[in-house]
Amino acid sequence: MTFCLENVKDDLERVYSIEMQMTDTKELPKRSRYYLAMIDLQLLDKGIRYRYLNDSYIIFICPFDLYGKGRHMYTFDGRCKEDPELTIEDGATRIFLNTKGTMEDVSASLRAFLDYVDGRLSDDAFVQELESAVDEAKKNREWRRE
């Protein structure tokens, strides 16, 4: 099961595709590549220089550890295999968030959010605000139908 938000832009014109992936299909890395390609196709018209491509982020939020390393977050941004200090700097980043992480590798706020996604409430302000918004959305019949 998958829940996807439409692509959104921030005030710096970075584009985000955020998706909750509930089952491990073993296809997320390739799917993230596809999503990046689709974003690029939408952003760049024929004849426009590539330098005008927006930075883009593909973010999957998962209730499983895609790589099995215990991290809450795995970020991929085009590092050179032979020289990890060298990056391609193409503006594409893929992030896989995981509710089952065991390391102390993310902020307390992000961990509270991931715990919330995994069904555990917290007193974190953002999580409380999110819970209120979810409760309101559940009351909206039209939104639920869509």
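The following refers to the structure shown.

Basis of the calculations
Residues numbered from 1 in each chain as written. Predicted model: local features only at pLDDT ≥ 70, side-chain atom pairs only at ≥ 80, totals over all residues. Heavy atoms only, no water. Helix = DSSP H or I, 4+ residues; strand = E, 2+ residues; numbered from the N terminus. Buried < 20%, exposed > 50% of the residue type's maximum accessible area, 1.4 Å probe, protein only. Contact = heavy atoms within 4.5 Å. Areas by Shrake-Rupley, 256 points an atom, 1.4 Å probe, with all protein chains shown as cover. Lys, Arg positive; Asp, Glu negative; His and termini not counted. Charge placed at Lys NZ, Arg CZ, Asp CG, Glu CD. Pairing = 2+ DSSP bridges. Right-handed = clockwise from strand over helix to strand, strands pointing away. Core = buried A, V, L, I, M, F, W, Y, C linked by side-chain atoms within 4.5 Å. Salt bridge = Lys/Arg side-chain N within 4 Å of Asp/Glu carboxyl O.

So, the overall build of the protein chain
Inference 1: Each helix and strand in the protein chain was counted, giving four helices and six strands.
Inference 2: For the protein chain, the N- to C-terminal ordering of α and β elements is β-β-β-α-β-β-β-α-α-α.
Inference 3: Referenced to the eigenvectors of the C-alpha coordinate spread, the extents of the protein chain come out at roughly 45 × 40 × 30 Å.
Inference 4: Classification of the 146 residues of the protein chain by burial places 29% in the buried group.
Inference 5: Of all intrachain contacts in the protein chain linking residues separated by at least 6 positions in sequence, the fraction that spans at least 24 positions is 53%.
Inference 6: Carbon and sulfur atoms form 52% of the exposed surface of the protein chain, whose accessible area is close to 10500 Å².
Inference 7: The distance from the centre of the 22 positive side-chain charges to the centre of the 29 negative ones in the protein chain is 6 Å.

Details of helix H2 (residues 108-117)
Inference 1: Among all positions of H2, only Ala112, Phe113, Leu114 and Tyr116 are buried.
Inference 2: On the buried face of H2, the contacting elements are strand S4 (56-62), strand S6 (92-98) and helix H3 (125-139).
Inference 3: Backbone geometry just downstream of H2 places glycine 119 in the positive-phi region, at approximately 95 degrees.

Describing the pairing of S4
Inference 1: Summarising burial for S4: seven of the seven residues are buried, a large majority.
Inference 2: What you see with S4 is no split at all: Ser56, Ile58, Phe60 and Cys62 on one side and Tyr57, Ile59 and Ile61 on the other are buried throughout.
Inference 3: In this sheet, S4 lies alongside strand S3 (residues 15-21) in parallel orientation, the contact comprising six bridges. Of the residues in S4, the one forming a bridge with glutamate 19 is phenylalanine 60.
Inference 4: One crossover worth recording links S3 to the parallel S4 by way of helix H1 (residues 28-43), and it is right-handed.
Inference 5: Examined bridge by bridge, S4 and S6 share seven bridges and lie parallel to one another. When the sheet's bridge partners are listed, isoleucine 59 is paired in S6 with isoleucine 95.

Quick look at unusual backbone geometry
Inference 1: Its identity is not glycine, yet glutamate 13 carries a phi of approximately 70 degrees, on the positive side.
Inference 2: With relative accessibility at 41%, the residue glutamate 13 sits in the partly exposed group.

Quick word on the nonpolar core
Inference 1: One finds Leu28, Ile58, Phe60, Cys62, Phe64, Leu66 and Phe96 to be the most contacted residues of the largest nonpolar core, which totals 13 residues.
Inference 2: Listing elements by their share of this core, those giving two or more residues are H1, S4 and S6.
Inference 3: With four residues, H1 is the largest single contributor of residues to this core.
Inference 4: Once residues within four sequence positions are removed from consideration, cysteine 62 is found in contact with Gln21, Leu28, Leu97, Asn98 and Thr99.

Here we look at the pattern of salt bridges
Inference 1: Applying the stated criterion across every chain, the model contains ten salt bridges.
Inference 2: For arginine 14, the salt bridge identified is with aspartate 10, shortest N-O distance 2.6 Å.
Inference 3: For aspartate 10, a relative accessible area of 18% translates into the label buried.
Inference 4: Lysine 100 is paired through a salt bridge with aspartate 118; the nearest N and O atoms lie 3.0 Å apart. Separated by 18 residues along the polypeptide, lysine 100 in the loop between S6 and H2 and aspartate 118 in the loop between H2 and H3 bring together distant segments of the chain.

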